[in-house]
Amino acid sequence: MIKIAVLGYGTVGSGVVEVIEKNKDMVNKKSGEELEVKYILDLLDFPDDPYGDRVVHDFGLILADDDVKIVCETMGGVGKAYEFTRAALSAGKSVCTSNKELVAAHGPELLALAKEHNCNYLFEASVGGGIPIIRPLNYSLTAERIEAITGILNGTTNYILSKMEYEGADYDDVLKAAQDKGYAERNPEADVEGHDACRKIAILSSLMTGKNVDCRKIYTEGITKVEPRDFEYAKQMGMSIKLLAISKDAEGKTLAMVSPFLIDGDHPLHMVNGVFNAVFVRGNMLGDSMYYGRGAGKLPTASAVVSDVIDCARHIGKVIMCFWDSEEAELLSIDQSQRRFFFRVKTEGEDKARTLFGEGIQEVRLPGVTKECGFITPVMTEAAFADSYGKLDGMTVGGRLRLEA
């Protein structure tokens, strides 16, 4: 029998215990071992909980118990979670986590520590919640050279943008509704400013390149400047607006970024709506593949953690290979990246916009709207666009949006 400890008994931690207990027969069969949650570490007591008798408050009990072979870290953050993860791995206990912040910040260090002590550090739930993406990258696509990963990696922002698109709602109103439904935190900054998606694409970029991609160096832009009028133009062009996290091979460097993008109606991510997430992967041999599902939530995320628990149980005393070195990947400057852009100008700025962006510029007009129009630029670098767009000072309306091919 393999004993398990769960660190943190919040939404995900309680879900992990629930999945293991409710699916016990299947989990044990697929593990090849009988699994049992022996400890639940939390600051609080849960006297009315069916598993409340397993709650402890001292991590030292878990660390000293040789019967505990697998630890599920669902605490979040990089403080105690980092301290406890390091201690568990150093003691030869495998760790499974949903903690994207910790994985993004210390992934290569913790993987190296696990290898040193002949155990495993697994983090399937850290990127797509219940969507399997880490395991496909590590196992199923190992014969591929991954050329690009494009993802809708945050359910909160996708829900907000979907409501704005299909109901014509204002950003502030939709955010409040999302908070009331529990889709958004009271302080939504990590979601709406793109930080959550940034950490996730940093993890995927690191697995794609085999080198460390520092999330602090990734260009990140949220959705707070997207306006309802932008969706009217998107509909006119047969497009949609999505917060995309992108990682691409760019002539030996890696382009990694998070930003709202206009995407064509035939793009595979176009119809990913609501709280659903998806990851679109391009390999040099397989071509395109996509992984879709609920990217967050108690049981979907817990299910992914337990899948890692099963993997660890199957490999007690063996290291599961993960190619993510501490060497820093070379990132392409956002200024050098190339694409098309969409922007809006007042009527008096139309001629100047055509002059600044040249013959390749495309005009977009909305029926009945006479005080402004939209333009799509030819392919150009971010630096060149910023220079020309800056010369329209006082004539623009709203912000600008990038186009994803």
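A quick note: this is a predicted structure, and the numbers were derived from the prediction, not measured.

How do you make sense of the packing of helix 8 (residues 155-167) against helix 9 (residues 171-180) when you look at a structure like this?
Two quantities define a packed helix pair, namely the angle between the axes and the distance from one axis to the other. One can describe the packing of helix 8 onto helix 9 by two numbers: an axis separation of 9 Å at closest approach and a directional angle of 130°. The orientation of helix 8 relative to helix 9 falls into the category oblique. Seen from above, helix 8 lies across helix 9 with right-handed handedness. Residues Tyr-159, Ile-160, Lys-163 and Met-164 of helix 8 lie in contact with helix 9, whose contacting residues are Tyr-171, Val-174, Leu-175 and Ala-178. Its residues assigned to classes, the contact of helix 8 with helix 9 shows 7 nonpolar, no polar and 1 charged.

Help me understand unusual backbone geometry in this model?
The general pattern is negative phi for most residues beyond glycine and trans for most peptide bonds. Residue Asn-118 is not a glycine yet carries a positive backbone phi of 60°. Positive phi outside glycine occurs at Glu-251, with the angle close to 55°.

Just to check I follow, could you spell out the packing of helix 1 (residues 11-22) against helix 13 (residues 298-314) for this structure?
At a minimum axis separation of 8 Å, helix 1 and helix 13 run at an interaxial angle of 65°. The two elements helix 1 and helix 13 cross, and the hand of that crossing is right-handed. For the pair helix 1 and helix 13, the contacting residues are Thr-11, Val-12, Ser-14, Gly-15, Val-16, Glu-18, Val-19 and Ile-20 in the first and Lys-298, Leu-299, Thr-301, Ala-302, Ser-303, Val-305 and Val-306 in the second. Grouping the amino acids of the contact of helix 1 with helix 13 by side-chain chemistry returns 8 nonpolar, 5 polar and 2 charged.

Can you walk me through the environment of Lys-235 in this structure?
Checked against the element boundaries, Lys-235 lands in helix 12 (residues 228-236). The class for Lys-235 is exposed, based on a relative accessible area of 71%. Distance in space between the C-alpha atoms of Lys-235 and Ile-146 is 32 Å, their sequence separation being 89 residues.

What am I meant to see in the pairing of strand 12 (residues 287-294) here?
Note on strand geometry: in a regular strand, side chains alternate between the two faces of the sheet. Relative to strand 12, strand 11 (residues 276-283) runs antiparallel, the two being bridged by 8 bridges. If you follow Phe-276 over to strand 12, its bridge partner there is Arg-294. Hairpin remark: strand 11 followed by strand 12, antiparallel, with 3 residues in the connecting loop.

Is there a simple way to think about the sheet that holds strand 1 (residues 2-7) in this case?
Reading across from one edge, 3-2-1-4-5-6 is the order of the 6 strands in this open sheet, with parallel pairing throughout. Looking along the sheet, the strands with just one partner apiece sit at the ends: strand 3 (55-56) and strand 6 (121-122). Pairing of strand 4 (residues 68-73) with strand 5 (residues 94-97) involves 4 bridges; the strand directions are parallel. Bridge pairing in strand 5 links Ile-70 to Ser-94. Against the sheet, helix 13 makes contact with strand 1, strand 2 (35-41), strand 4, strand 5 and strand 6, and its axis sits at roughly 160° relative to strand 5, the strand it touches most.

Please clarify how the environment of Thr-97 should be interpreted in this entry.
Structurally, the position occupied by Thr-97 is in strand 5. Distance in space between the C-alpha atoms of Thr-97 and Pro-268 is 29 Å, their sequence separation being 171 residues. Leaving out residues up to four positions away in the same chain, Thr-97 has contacts with Glu-73, Val-103, Tyr-121, Leu-122, Phe-123, Glu-124, Ala-125, Ser-126 and Val-305. A polar atom in the side chain of Thr-97 sits 2.9 Å from the backbone nitrogen of Asn-99.

Cut-offs used in this document
Residues numbered from 1 in each chain as written. Predicted model: local features only at pLDDT ≥ 70, side-chain atom pairs only at ≥ 80, totals over all residues. Heavy atoms only, no water. Axes fitted to C-alpha atoms, helices over the stretch in contact; angles between N-to-C directions. Helix = DSSP H or I, 4+ residues; strand = E, 2+ residues; numbered from the N terminus. Parallel < 35°, antiparallel > 145°, perpendicular 65-115°, else oblique. Left-handed = near helix turned anticlockwise from the far one by under 90°. Contact = heavy atoms within 4.5 Å. Nonpolar A, V, L, I, M, F, W, Y, C, P; charged D, E, K, R; others polar. Buried < 20%, exposed > 50% of the residue type's maximum accessible area, 1.4 Å probe, protein only. Pairing = 2+ DSSP bridges. Polar contact = N/O pair within 3.5 Å; in protein donor to acceptor, adjacent residues only side chain to side chain.

By themselves these figures say nothing about function.
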